[in-house]
Amino acid sequence: MNPTRIWDLPTRLFHWALAACVIALVITAKVGGDAMNWHFRLGYAVFALLIFRLLWGFVGGHWSRFASFFPTPGRLSRYLGGRATAADTAGHNPLGALSVLALLTVLSVQVGTGLFTDDEIAFAGPLTSLVSGDTVWTLTSWHKTWGQWLVIGLVALHVLAIVVYLIRRQNLVTPMLLGDKRMAEPVTPARDTAATRLLALVLLGAAAGVVWWVVQLGQRGMLG
């Protein structure tokens, strides 16, 4: 059982930062009031994290790249049939990949709709001025109901899967904390060097710049 670097540091930091932000977003949404100021800030943070993860899915460490874990029919068939290879399970296994991709998609939709929400009291998303009132109402309704519960449901499913794998003596948490995973067969290690970490920092900065630009679009729309 050889320790192999599976999760590079940027991926691990993304994972735990996203988890913390999502939990805080749910709490601030339920508290309401002045906590909504933090709800918006956290939403922008998740927006930047999601853009970063999209970019990192193409240039990050081997097992962080979408190509390495995308749940193709062949990978799903092997996994469900008990014929999975080491490469099928080194990073996200095919079922885990489905869960991860679903969560990233739902979070993206939730962030996107949040930019157009309006509680008709004190808080409105930065892009509400760019669309009609009916569109704002529709997106706000989704954000507060189906979108919110889909996020909570997928997070709960994610946690449940971790518990089930722990019961089956497969620890998914430690590799995401420390980066290494003990593999019975050799697999390609993830590149996790000072250079890749610097690249991740640059990409995160670029993602934050995109978020700032999007928010400014709404402000310019109001002025126009």
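To be clear, the structure that these remarks concern was listed above.
Residues numbered from 1 in each chain as written. Predicted model: local features only at pLDDT ≥ 70, side-chain atom pairs only at ≥ 80, totals over all residues. Heavy atoms only, no water.

Chemist: Break down the packing of helix α2 (residues 35-59) against helix α6 (residues 94-114) for me, with residues and values.
Modeler: Relative placement of two packed helices is described by the angle separating their axes and the distance separating the axes. At their nearest, the axes of α2 and α6 sit 10 Å apart, and the two run at 135 degrees to each other. Considering their axes alone, α2 and α6 lie oblique with respect to each other. Taken as a pair, α2 and α6 cross one another with a handedness that is left-handed. For the pair α2 and α6, contact is made by Phe-40, Gly-43, Val-46, Phe-47, Leu-50 and Arg-53 and by Leu-104, Leu-107, Ser-108, Val-111 and Gly-114, respectively. Among the residues making up the contact of α2 with α6, the classes are represented as seven nonpolar, three polar and one charged. (Axes fitted to C-alpha atoms, helices over the stretch in contact; angles between N-to-C directions. Helix = DSSP H or I, 4+ residues; strand = E, 2+ residues; numbered from the N terminus. Parallel < 35°, antiparallel > 145°, perpendicular 65-115°, else oblique. Left-handed = near helix turned anticlockwise from the far one by under 90°. Contact = heavy atoms within 4.5 Å. Nonpolar A, V, L, I, M, F, W, Y, C, P; charged D, E, K, R; others polar.)

Chemist: Could you give an account of a nonpolar patch on the surface, naming the residues involved and the relevant values?
Modeler: Taken together, the side chains of Leu-54, Phe-58, Val-59 and Leu-199 present a nonpolar region at the surface, about 360 Å² in accessible area. The element best represented in the nonpolar patch is α2, accounting for three residues. With respect to the helices, strands and loops of the structure, Val-59 is situated in helix α2. (Patch = residues over 30% accessible without salt bridge, like charges linked within 9 Å, V, L, I, M, F, W, Y side chains within 5 Å. Areas by Shrake-Rupley, 256 points an atom, 1.4 Å probe, with all protein chains shown as cover. Salt bridge = Lys/Arg side-chain N within 4 Å of Asp/Glu carboxyl O.)

Chemist: If you had to explain the packing of aromatic side chains to someone new, which residues and values would you point to?
Modeler: Here the structure, examined in full by the defined rule, presents five aromatic pairs. One aromatic cluster in this structure is built from Phe-14, Phe-52 and Trp-56. Here Arg-41 stacks its cationic end above the ring of Trp-38, 4.8 Å away from the centre of that ring. One residue, Arg-53, lies across the ring of Phe-14, its end atom 5.9 Å from the ring centre. (Phe/Tyr/Trp six-rings, centres within 6.5 Å; stacked < 30°, edge-to-face > 60°. Lys NZ or Arg CZ within 6 Å of the ring centre and 35° of its normal.)

Chemist: I'd like a description of the pattern of salt bridges, backed by residues and values.
Modeler: Counted according to the given criterion, the structure contains five salt bridges. In this structure, the salt-bridge partner of Arg-5 is Asp-192, at a minimum N-O distance of 2.6 Å. With Arg-5 in strand β1 (residues 2-5) and Asp-192 in the loop between β2 (180-183) and α10 (194-223), this pair connects stretches of sequence that are 187 residues apart. Taking relative accessible area as the criterion, Arg-5 reaches 22% and is therefore assigned partly exposed. If you follow the salt bridges from partner to partner, you end up with Arg-5, Arg-12, Asp-180, Asp-192 and Arg-197 in one network. (Buried < 20%, exposed > 50% of the residue type's maximum accessible area, 1.4 Å probe, protein only.)

Chemist: Outline the nonpolar core, listing residues and values.
Modeler: Judged by nonpolar contacts, the single largest core of 31 residues is most densely connected at Leu-18, Val-46, Phe-47, Phe-52 and Leu-107. At the level of elements, α1 (9-31), α2, α6, α8 (146-167) and α10 are the ones that each hand at least two residues to this core. For this core, the element with the highest residue contribution is α2, accounting for nine residues. In contact with Leu-107, not counting residues within four places along its chain, are Leu-18, Val-22, Leu-50 and Val-151. (Core = buried A, V, L, I, M, F, W, Y, C linked by side-chain atoms within 4.5 Å.)

Chemist: Talk me through the environment of Arg-65; I want residue IDs and the actual numbers.
Modeler: As for its position among the elements, Arg-65 is in the loop between α2 and α3 (66-69). Note: C-alpha distance between Arg-65 and Gly-91 (26 residues apart in sequence) is 9.8 Å. In this view, Arg-65 contacts Trp-56, Gly-57, Phe-58, Val-59, Gly-60 and Arg-191; residues no more than four positions away in its chain are not counted.

Chemist: So what's going on with helix α7 (residues 133-144)? Residues and values would help.
Modeler: Here α7 is 12 residues long and its end C-alpha atoms lie 16 Å apart, about the 16 Å a rise of 1.5 Å per residue gives. Where α7 is concerned, the buried positions are Val-136, Thr-140 and His-143. One face of α7 carries all of its buried residues, which in axial projection span an arc of 60 degrees. Opposite its buried face, α7 presents the exposed residues Asp-134 and Trp-137, each directed more than 90 degrees away. Those residues of α7 that are buried are in contact with α2, α6 and α8. (Expected span 1.5 Å × (residues − 1). Arc of directions from axis to C-beta.)

By themselves, these observations are geometric and do not establish any function.
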